[in-house]
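Structural features, examined
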Number of protein chains: 2
Amino acid sequence: MAQASELSLEDAVAQSPRKWVYLFSEGNAGMKDLLGGKGAGVAEMTNAGMPVPPGFTITTEACNEYYTAGKRFPDGMWQQALAALRQVEAQTGKTFGDAKNPLLVSVRSGAKFSMPGMMDTVLNLGLNDETVKGIIALSGDERFAYDAYRRFVQMFSKIVLDTKADEFEKIIERYKEETHAQTDADIPSDALKHMVEDFKQTARDASGRDFPEDPVEQLRLAIEAVFASWNNKRAIDYRNINKIPHDLGTAVNVQTMVFGNMGNDSATGVAFTRNPSTGERKLYGDYLVNAQGEDVVAGIRNTSPIDHMQEEAPAVYQQFHEIANRLEEHYRDVQDMEFTIEKGRLYMLQTRTAKRTAAAAVKIAVDMANEGVISRDEAVQRVEPQQVVQRLLPRFDEQDVQAARAANRLLARGVNASPGAAVGKAIFDADRAEAAGKAGERVILTRVETSPDDVHGMYASQGILTSRGGTGSHAAVVARGAGLPAVVGCEAIRVDYEQRQFRVSGTDTVVREGDELSIDGATGEVFQGALKTVEADFEHDTDLQTLLAWADERRDLGVWANADYPRDADRSVAFGAEGIGLCRTEHMFMEQERLPVVQEMILAETPEKRQAALDQLLPFQRSDFEGIFRAMRDPKTGAGYPVVIRLIDPPLHEFLPSYEELLVEVTRLEDKGDNPDELAKKRELLGRVAQMREANPMLGLRGCRLGLLFPEINVMQTRAILEAAVNVAKEGMRPQPKIMIPLVGHVNELREVRRQLEAVAEEIASEAGGQVEYKFGTMIELPRAALTAGQIAEVADFFSFGTNDLTQTTFGMSRDDAEGKFLLQYVEGLPEPGLKEPVKILKVNPFQTLDRDGVGRLVRIAVEEGKRTKPNLEVGICGEHGGDPDSIAFCDEVGLNYVSCSPFRVPVARLAAAQAALARKASQKQAERDK
Amino acid sequence: MAQASELSLEDAVAQSPRKWVYLFSEGNAGMKDLLGGKGAGVAEMTNAGMPVPPGFTITTEACNEYYTAGKRFPDGMWQQALAALRQVEAQTGKTFGDAKNPLLVSVRSGAKFSMPGMMDTVLNLGLNDETVKGIIALSGDERFAYDAYRRFVQMFSKIVLDTKADEFEKIIERYKEETHAQTDADIPSDALKHMVEDFKQTARDASGRDFPEDPVEQLRLAIEAVFASWNNKRAIDYRNINKIPHDLGTAVNVQTMVFGNMGNDSATGVAFTRNPSTGERKLYGDYLVNAQGEDVVAGIRNTSPIDHMQEEAPAVYQQFHEIANRLEEHYRDVQDMEFTIEKGRLYMLQTRTAKRTAAAAVKIAVDMANEGVISRDEAVQRVEPQQVVQRLLPRFDEQDVQAARAANRLLARGVNASPGAAVGKAIFDADRAEAAGKAGERVILTRVETSPDDVHGMYASQGILTSRGGTGSHAAVVARGAGLPAVVGCEAIRVDYEQRQFRVSGTDTVVREGDELSIDGATGEVFQGALKTVEADFEHDTDLQTLLAWADERRDLGVWANADYPRDADRSVAFGAEGIGLCRTEHMFMEQERLPVVQEMILAETPEKRQAALDQLLPFQRSDFEGIFRAMRDPKTGAGYPVVIRLIDPPLHEFLPSYEELLVEVTRLEDKGDNPDELAKKRELLGRVAQMREANPMLGLRGCRLGLLFPEINVMQTRAILEAAVNVAKEGMRPQPKIMIPLVGHVNELREVRRQLEAVAEEIASEAGGQVEYKFGTMIELPRAALTAGQIAEVADFFSFGTNDLTQTTFGMSRDDAEGKFLLQYVEGLPEPGLKEPVKILKVNPFQTLDRDGVGRLVRIAVEEGKRTKPNLEVGICGEHGGDPDSIAFCDEVGLNYVSCSPFRVPVARLAAAQAALARKASQKQAERDK
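Since we're looking at a predicted model, the values are computed, not measured. (Residues numbered from 1 in each chain as written. Chains lettered and ligands numbered in written order. Predicted model: local features only at pLDDT ≥ 70, side-chain atom pairs only at ≥ 80, totals over all residues. Heavy atoms only, no water.)

Considering the overall build of chain A
What counts is decided by this rule: Here a helix means four or more residues in a row that DSSP labels H or I, a strand means two or more in a row labelled E, and each is numbered from the N terminus. We compute the radius of gyration over the C-alpha atoms and compare it with the globule rule, which gives 2.2 Å times the number of residues raised to the power 0.38. Only protein chains enter the calculation, and the probe is 1.4 Å; a residue is then buried if its accessible area is under 20% of its type maximum, exposed if over 50%, and partly exposed in between. Between two residues, a contact is recorded if the distance between any of their heavy atoms is within 4.5 Å.
Secondary structure assignment for chain A yields 37 helices and 33 strands. For a compact globule of 931 residues, the expected C-alpha radius of gyration is about 30 Å, and chain A comes in at 33 Å, within 12% of that figure. Across its three principal axes, chain A shows a C-alpha extent of roughly 105 × 75 × 55 Å. Here chain A holds 931 residues, and the buried ones make up 57% of them. The contacts in chain A between residues at least 6 apart in sequence include a share of 68% that link residues at least 24 apart.

Right, dumping it as structure tokens:
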């Protein structure tokens, strides 16, 4: 038995600075912070009288203290662990290290948030050449005992002694050959016994030390290895992806081993109280007779669906079913349970809230609310907004996915960087991808990683696959921006550009350029061949519609959309938008037939010529606006929705030919010298374009500055908007145009533009013989606008926060330059020679999630001071942050009237807005109670 | 007599909404706001019992009300004026319009601030064919009477009836020819009588109406013309230049005429209580016997110095001298007095605080303080900081200027846009100016106006002269930025690019390209030929040194300098800087021998190669820093002054060859196809440069971002700084290096850089065998840095506000782009077809004077919250605003520790800082009293 302390756990705690160790019976589900999810879960089950193998949990605080103290166990922790071990010995009647009736334990990590597969586990700990004899005697199965022993040595060596997994695989293969075994299970007991020795030798060679025979030493090393695994690369990446803080630490669970591989009356399995893929209310899962948990995970033998157990072991099934129901009721959510049957006796090893697909999440939430298990408030809070995105994306047909998995076509799993399902030919080069894309082929651009040089190829592809990089990598950022599915950091694929192929590591599978791949950006899975995809059908998605209707009842924020064309407006309304928060008029300028006229307007040498070009543009813009106004009506009442139209914003040179291309053309013409007319023409154009170039176009002649210098542009646009409104009004609906001025920095700019506009409105009113209704407002997208919002509100009816530009100016970062050049490293970490960990400057990309301290503070100032001047000032947001749940929560908190986002994100925003409102009200109530 | 109201002034006021008219005896010197400077002055003199011709003042409120009411006299104003006129009639015993004893009056403008020559004046008003007879009878001098009459008609026609001055000049010339008169004074009485008729005819032809014979009508029109002249172009420009608000309005002074041209016992003159050019304490001025004021101004006849009067009219001189002394004592400042002697009797027409040259201002302030007339506090407040700039600039030799004026070489006077004296050849084109400049010639670039295309020529010139534009024009802005003297908006010169010459309007003078010019940017004067210039000698300028010593005793702000080289550091100390607030290390990279190494460093493909290049740069930087540290010591104590060194800031591509030039080179090489090696090399370089290009370099990879991505640059620079400090310390002085990190937006950036630096400092400390003293701080030049200053102060020992960049990001304006493209128009006014007046968006250029509402608010936040975190945080400013008096006042107000500006502006800043402190303390005292 444990040679150490004879202290009781109580005494050991009393002698320590803190209680580091909890028996399962001492914890409960509320102690996740301290005991981790798994520890809190088994404690709760233990106390609920469920059959849980006894054990104890070392706290997350101990893990953090371990790091703080320079990787040393905190004072008293080890004594407490040994004391707890004695209690477990007492509960089980077994003794750790005893040759006759040995206690074997598992040592598992367990953080507050589940990080499946990311950290380390050691099973069967306590085995050595002595105790294995006791297991043989007790189980009466020598093969079982040595199999358990070799598994332990293998796992321990890999995790604790850093031995490479391959080495053990090679040994196993050798023994299989020698013993003519078809599978691992066919290797005879004797061979396994020798294998244990070979394994130990391998571990010794790799680590330079003997394999520890002392179970207490084994335990100490295993606990330390679990602590260490909190900061392995996989775990850090996972936390980054899932926005889990790095300072939570992991707990360590030490639990009595039970064996699902003690014969055919033993089994092990994983089950869910409902189907986590579809949400169907039915026990769902798999089990494997005469097997240990890792066999289920490894997928070496085929598992049986859980309902087979109903026939094969009806009593145990019955017991399990009851426990499953009790657990779902207890936790009021779908449970993901691990269980083992040892010689006919059921043990519950773990329960936790089940991860689920987007489809399942929505259905489960709606079902459970309808069943009365949870409230509608809770249902709304149960679905992550990101899951709504997934549900709206095309996805793979579930049956096809199952079939592909069964056929071993699941090649690898990478980081799920940008959701959506994509099918296409693997192409390993951006230029070829672009060529194939243009030729109408579906392409999965497959690279080690991508760089700005690859962007043209990315845009021509259906999806992106990389073997390196995380969720903040270039590939991930660009893919999300472009709405392309992406799996990144898929380390199992070994890309070889020269051979134009990749190999799947640890297998013989090779995928050559042109072979078809299917990638699921939501799960990170990569399949060989083409999977069937299913388009989302929002309109008929009753569960989602129900959930969003509940969300609508609960949110305070309006949800509007950014839409530039009538077709986008239609889609926005279909997705539930209640207005357009940003209609960018310059997009209308970019269309092919219009661009030459726009260029004429810009290059006009006289006001008359400029006016002539503008006169040509007017009818185009007017008809676009008419289309948008018609689309923007409440589908129930037919009333017009508000439409915020932003006057021209980008610098005019964006509409002109590229300076660099012209420069080359002119140089070429000069060199040839055979076409003086053309040369003169191009030189003239080059000169004009040169004149308009800017050192920093972002900060140059754009936004309202354009309309102040060229009032005739504003006049044309205003006329187009108001005439369209008048025309549509004649058709019987009342459109709600709101004219918005971009890039205002000083109230006088807005004052002058307002004067221009009012003159036009008066003209149109008198032409139309009545009043023209419109609102006049401004973007708040420069720090100065926010800082002087109290003045600006005197002239504006509404504010809309342009948080893209506001983030750029507040941080002094051009998004174009920053994301490619340094922002990625700011978020992912700067490589720092002297330090082990990369140094992270920013937690998140501020262009994705609104920066509360800087940009957010400006927003608060502007809202507060704007409303102080004009209490009924309408305030919204139309930057990309308007579709980001974290940022939406901020918008709710500061009391904006609405968020506006891309049409596709409207449902996400509806849900996120409801969740924000619920969370805010809950915390207000809490604050009142606390008073 | 006045046919109108018989009301008394009291009654007229009682019937009006407000008192619009004050008799001189009703006002005093404290009523400048209401009566204007002139009105308040004559009122004060009247009440002090001085001989002032009786009259009355129509208030500035009346002028403003006139504009508000759509250019109509406010209710009751006219009645009050007529009533006041009756009082004047009573006082003088004369009657307005009376044929026997007619009252004649002058009608003059008079705003709160003197605007000499900018607005209109009518003399001898009240003359017509009837009243002229009375004047003949009274004066016994027909010629005098008709001369007065023709002057009146001429002046009135020009000002009230908008007749061109040229027309009258032509008539005069004709009469002179016909009568063989040498000068105007030789034209006989009879001819003058006819001339009056011709003048009236001319006015009738020009205005389409008869010349008004009714004196009351004359008065009404003249008053209206004075009101109108408030908003003539000259006046508006003058106010813009002198930062006088446009809404003050002008008062109108109606005063009994006295005549200096009633014979040889009459005279008129202008005198100063001290010499306004030199400051010498001696009555200074000129007078002209038998002349009216305009003769003095026109310079047609030579005036006599005032001291000649001592012999010619000792009694009057004595009286005048006494009055002058009384006035200076009364006003406690140098007075500028207008007087007239009518038939031996002295009349004081006006007194006001004298404008003075920079030289005089300093001497007068110091003298008057030493004389005990004013306190030292007042002396410090008496000199405008801008005058210190002027005093430091080369100026023209005063005698040479007098001689040039006497020789009629003063060609014209324009807007004094950028001070300093410059001599050079007139060149009318920027390219030729550049060529001449490179050839070693001194050039005055002479243009109608300048544009960004002319900048290269401006920089190659000694000074700039334009015929169009105000103090905010491109020419003015660039010239001030470059420290070049400039005279702009000099409308009298008519530039002809084709002929390469200008003609001086109203003269035959033509200046051809290559002719020498002398321009005085402080006075706006343009002289033909080369004037002698005098360099300023700061060291031996005792008066200025005295004044600045007094200022130093009174200021709370430290004054430091921005200096990049040892030579600049020397100059800074000479000008009184107490530290370097900004040493830009990258300037050291730009030097010819170093640039290739810098390029190697940037283009290095491996960290090793980069390190090798950095190793080469280290000794250069170290020796620069050594030189600077040695220079920066207190001349009195020898103690080291603080030196704030900013690590590399600009984007690295600024050090590389131009992308456009490379693109042309590569295209050329491609076209030729004869040098594949060179082509490959250039293509490679083009590729590298292309990779580093940025859409918005201002917001790109620069500032601290560089050192985070390439820590080895920071390491080299830190090493150079600290090794230099160690070396200089060995020489016996203790340098105070302060390392400053640019473009920080997030505290984590600073934290990481601090970690890098501390590692280097430790290394150097252990190499040097002791501690290395330095401070670590950051620029606050991004809005986010200001908004999170509370966090950033945790890591910084000091803040320095980089208000150039902070202004750019707060306004979202790139200075390079904005000043050329729209900022000028924002300040000068946007041409607005529908409106008479251009629309002004900004009062001042925010890159010159700190914007308090936006940028200033950020500065306040950062100071407040930074000091909350770290009470002893040192805060300074190193943007260009550090040398601008208005901005310095703001810095004093928010409690900065120091301002840092270009060495040349250090004396200005010392004075401005003292004035700011005095003003602040005065208003604090006032606030306490008000409590």
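Structural notes on the nonpolar core
Which entries qualify depends on this criterion: In these notes, a set of buried Ala, Val, Leu, Ile, Met, Phe, Trp, Tyr and Cys residues joined through side-chain atoms within 4.5 Å is what counts as a nonpolar core.
Core analysis: the biggest nonpolar cluster contains 298 residues, and Ile741 and Tyr826 of chain A together with Ile741 and Tyr826 of chain B have the highest contact counts within it. Non-local contacts of Tyr826 of chain A, meaning those with residues more than four positions away in its chain, are made with Met813, Lys840, Ile841 and Leu842 of chain A together with Cys704, Arg705, Leu708 and Glu749 of chain B.

Details of the relation of the copies chain A and chain B
To keep things clear, this is the line we draw: Fitting of the copies onto one another was done by least squares over C-alpha atoms, counting residues only where both copies have pLDDT of at least 70.
For the pair chain A and chain B, the relating rotation is 180°, the translation along its axis is 0.1 Å, and the fit reaches an RMSD of 0.3 Å. Such a turn and shift between the copies fits a two-fold axis. Looking at the rotation axis and the C-alpha trace of chain A, the residue lying nearest is Asn696 of chain A, at 2.2 Å. Mapped onto chain B, 100% of the interface residues of chain A are again interface residues, and the two copies thus contact each other with one and the same surface.

Things to note about the interface of chain A and chain B
What counts is decided by this rule: In this description, buried area is defined as the sum, over both parts, of the accessible area (probe of 1.4 Å) that is lost when the two are combined. Only one rule defines a salt bridge in this text: a Lys or Arg side-chain nitrogen within 4 Å of an Asp or Glu carboxyl oxygen. Polar contacts here mean pairs of N or O atoms no more than 3.5 Å apart (in protein, one a potential hydrogen donor and the other a potential acceptor; neighbouring residues in sequence count only if both atoms are side-chain atoms).
Between chain A and chain B, the contact holds 62 residues from the first and 62 residues from the second. With both sides pooled, the region where chain A packs onto chain B buries about 5,500 Å², and carbon together with sulfur makes up 55% of that total. Considering only the side of chain A, the residues that lose the most area to chain B are Leu699, Arg784 and Lys821 of chain A, jointly responsible for 11% of the buried surface there. The interface formed by chain A and chain B holds 10 salt bridges in total. Between Glu865 of chain A and Arg857 of chain B there is a salt bridge, with its nearest N and O atoms 2.5 Å apart. Counting across the chain A and chain B interface gives 34 residue pairs in polar contact (both at pLDDT 80 or more). For the side of chain A that touches chain B, the secondary-structure elements that each account for two or more residues are helix H26 (659-672), helix H27 (676-692), helix H28 (704-709), helix H30 (747-768), helix H31 (783-787), helix H33 (803-811), helix H34 (815-828) and helix H35 (852-869) of chain A.

Digging into helix H5 (residues 131-139) of chain A
Residues and elements named next belong to chain A. Rules: In this context, the arc is that of the directions from the helix axis out to the C-beta atoms.
For H5, the set of buried residues is Thr131, Val132, Gly134, Ile135 and Ser139. Angular distribution of buried residues about the axis of H5 spans 155°; they occupy a single face of the element. Where H5 is buried, its residues touch strand S4 (102-103) and helix H6 (142-159). Taken from the residues just after H5, Gly140 is the one with a positive phi, measuring 65°.

Structural notes on the sheet that holds strand S15 (residues 415-418) of chain A
All names here are of chain A. Spelled out, the test is: In short, DSSP must find at least two bridges between two strands for them to pair. Orientation is described by lines fitted to C-alpha atoms, with helices fitted over the stretch in contact, and by angles between N-to-C directions that extend from 0 to 180 degrees.
Strand order in the open sheet made by the eight strands is S14-S24-S23-S16-S17-S18-S19-S15, with mixed pairing throughout. The open sheet terminates on both sides in strands that have one partner only, identified here as strand S14 (410-413) and S15. The mean angle between the axes of side-by-side strands here comes to 30°, regardless of whether they run parallel or antiparallel. Sheet topology places S15 next to strand S19 (residues 486-488); three bridges connect them, and they run antiparallel. Among the inter-strand pairings, Val415 is bridged to a residue of S19, identified as Val488. Most of the contacts of helix H17 (residues 398-406) go to strand S24 (residues 525-528), to which it runs at about 70°, and overall it touches S14 and S24.

Things to note about the sheet that holds strand S9 (residues 284-289) of chain A
One key point about sheets: their strands pair by backbone hydrogen bonds, in either a parallel or an antiparallel sense. All names here are of chain A. Pairing in this open sheet of five strands is antiparallel, and the strands run S10-S9-S8-S11-S12 from one edge to the other. Only two strands of the sheet have a single partner each, and these edge strands are strand S10 (304-305) and strand S12 (345-353). Note: strand S8 (residues 267-272) against S9, six bridges, orientation antiparallel. Each bridged residue has a counterpart across the sheet, and for Ala271 the counterpart in S9 is Gly285.

A look at the packing of helix H33 (residues 803-811) of chain B against helix H35 (residues 852-869) of chain B
Residue and element names in this part refer to chain B. Here is the rule: Note that the term roughly parallel is reserved for angles under 35 degrees, roughly antiparallel for angles over 145, roughly perpendicular for angles of 65 to 115, and oblique for everything else. Crossing chirality is assigned from the near helix's rotation relative to the far helix, an anticlockwise turn below a right angle marking it left-handed and a clockwise turn marking it right-handed. Side-chain classes are defined by residue name, with Ala, Val, Leu, Ile, Met, Phe, Trp, Tyr, Cys and Pro counting as nonpolar, Asp, Glu, Lys and Arg as charged, and the others, Gly among them, as polar.
H35 packs onto H33 with a crossing angle of 120° between their chain directions and a minimal axis gap of 9 Å. When the interaxial angle is binned, H33 and H35 end up oblique. Seen along the crossing, H33 lies across H35 with a hand that is right-handed. Contact residues: H33 offers Leu806, Thr807, Thr810 and Phe811, while H35 offers Gly854, Val855, Leu858 and Val859. Split by residue class, the contact of H33 with H35 holds five nonpolar, three polar and no charged.

Considering the confidence of the model for chain A
Keep this limit in mind: A residue's pLDDT is the confidence the predictor assigns to it, expressed on a 0 to 100 scale.
Mean pLDDT over chain A: 91, with 97% of residues reaching 70 or higher. What the predictor reports for the complex is a pTM of 0.80 with an ipTM of 0.79.

Quick look at the packing of aromatic side chains
Filter applied, for reference: Planes of paired rings set the category: under 30 degrees apart is stacked, over 60 is edge-to-face and the rest tilted, where pairs are Phe, Tyr or Trp rings (Trp by its six-membered ring) whose centres lie within 6.5 Å. By definition, being over a ring means that NZ of Lys or CZ of Arg is both within 6 Å of the ring centre and within 35 degrees of the ring normal.
All chains considered together, the criterion is met by 40 aromatic pairs over all chains. Where Trp560 of chain B meets Tyr898 of chain B, the ring centres are 3.6 Å apart and the plane angle is 5°; that geometry is what we call stacked. Separated by 338 residues along the polypeptide, Trp560 of chain B in strand S26 (residues 558-562) and Tyr898 of chain B in strand S33 (residues 898-901) bring together distant segments of the chain. Assigned by exposure class, Trp560 of chain B and Tyr898 of chain B land together as buried. Three or more aromatic residues joined by ring pairs form one cluster here, namely Tyr66, Tyr67, Phe73, Trp78 and Phe227 of chain A. Over the face of the ring belonging to Trp230 of chain B we find Arg239 of chain B, whose NZ or CZ atom lies 3.7 Å from the ring centre. When the ring centre of Tyr659 of chain B is taken as origin, the NZ or CZ atom of Arg693 of chain B, which lies over that ring, is 3.8 Å away.

Regarding the pairing of strand S29 (residues 736-741) of chain A
Residue and element names in this part refer to chain A. Most of S29 sits inside the fold, with five of its six residues counted as buried. Alignment of strand S28 (residues 642-646) against S29, held across five bridges, turns out to be parallel. If you follow Val643 over to S29, its bridge partner there is Pro737. Of the strand pairs in this sheet, S29 and strand S30 (residues 775-780) are connected by four bridges, and their pairing is parallel. Looking at S30, one finds that Ile739 is bridged to Phe776.

Side note on the packing of helix H22 (residues 566-574) of chain B against helix H25 (residues 607-631) of chain B
All names here are of chain B. Orientation of H22 relative to H25, taken along the N-to-C sense of each, is 10°, at an axis distance of 8 Å. Relative to H25, H22 is oriented roughly parallel. Together, Pro566, Ala569, Asp570 and Val573 of H22 and Asp624, Gly627, Ile628 and Ala631 of H25 make up the contact between the two elements.

Comments concerning the pattern of salt bridges
Within the structure shown, the criterion is met by 145 salt bridges over all chains. The closest approach of N and O atoms between Arg594 of chain A and Asp624 of chain A, which form a salt bridge, is 2.7 Å. Placement of the pair is Arg594 of chain A in the loop between helix H23 (586-590) and helix H24 (595-603) and Asp624 of chain A in helix H25 (residues 607-631), with a sequence separation of 30 residues. The exposure classification of Arg594 of chain A matches that of Asp624 of chain A, with both residues buried. Between Glu213 of chain B and Lys200 of chain B there is a salt bridge, with the nearest N and O atoms lying 2.6 Å from each other. With Glu213 of chain B in the loop between helix H8 (189-207) and helix H9 (215-229) and Lys200 of chain B in helix H8, this residue pair connects regions lying 13 residues apart in the sequence. Under the relative-accessibility criterion, Glu213 of chain B is labelled partly exposed at 32%. Judged by its relative accessible area of 2%, Lys200 of chain B is buried. One network of salt bridges, in which partners are shared, links Glu586, Arg646, Asp649, Arg702 and Asp805 of chain A.

Regarding helix H14 (residues 358-370) of chain B
Note the cut-off: A helix is expected to span 1.5 Å multiplied by its residue count minus one.
Helix length check: H14 of chain B, at 13 residues, gives a terminal C-alpha distance of 18 Å against a target of 18 Å (1.5 Å per residue), a fit within 8%. With 10 of 13 residues buried, H14 of chain B is to be regarded as a mostly interior element.

Side note on the environment of Val726 of chain A
Residues and elements named next belong to chain A. Mapped onto the elements, Val726 comes out in helix H29 (residues 711-730). For Val726, a relative accessible area of 17% corresponds to the buried category. Sequence separation of Val726 and Ala768 is 42 residues, and the distance between their C-alpha atoms is 7.4 Å. Those residues in contact with Val726, other than ones at most four positions away along the chain, are Ile764, Ala768 and Val772.

So, a negative patch on the surface
Residue and element names in this part refer to chain A. To keep it simple, the criterion reads: Distance thresholds for patches are 9 Å for like charges and 5 Å for nonpolar side chains (Val, Leu, Ile, Met, Phe, Trp, Tyr), applied to residues having over 30% relative accessible area and no salt bridge. Each accessible area value is a Shrake-Rupley result obtained with a 1.4 Å probe; residue values ignore everything except the protein chains displayed when judging cover. For the charge count, each Lys or Arg is scored as positive and each Asp or Glu as negative, with His and the chain ends excluded. Each charge is placed at NZ for Lys, CZ for Arg, CG for Asp and CD for Glu.
Taken together, the side chains of Asp166, Glu167, Glu169 and Asp205 define an acidic patch exposed on the protein surface. For the negative patch, the leading source of residues is helix H7 (residues 165-178), giving three residues. When you line up the elements, Glu167 lands in helix H7. You can call Glu167 partly exposed: its relative accessible area is 34%.

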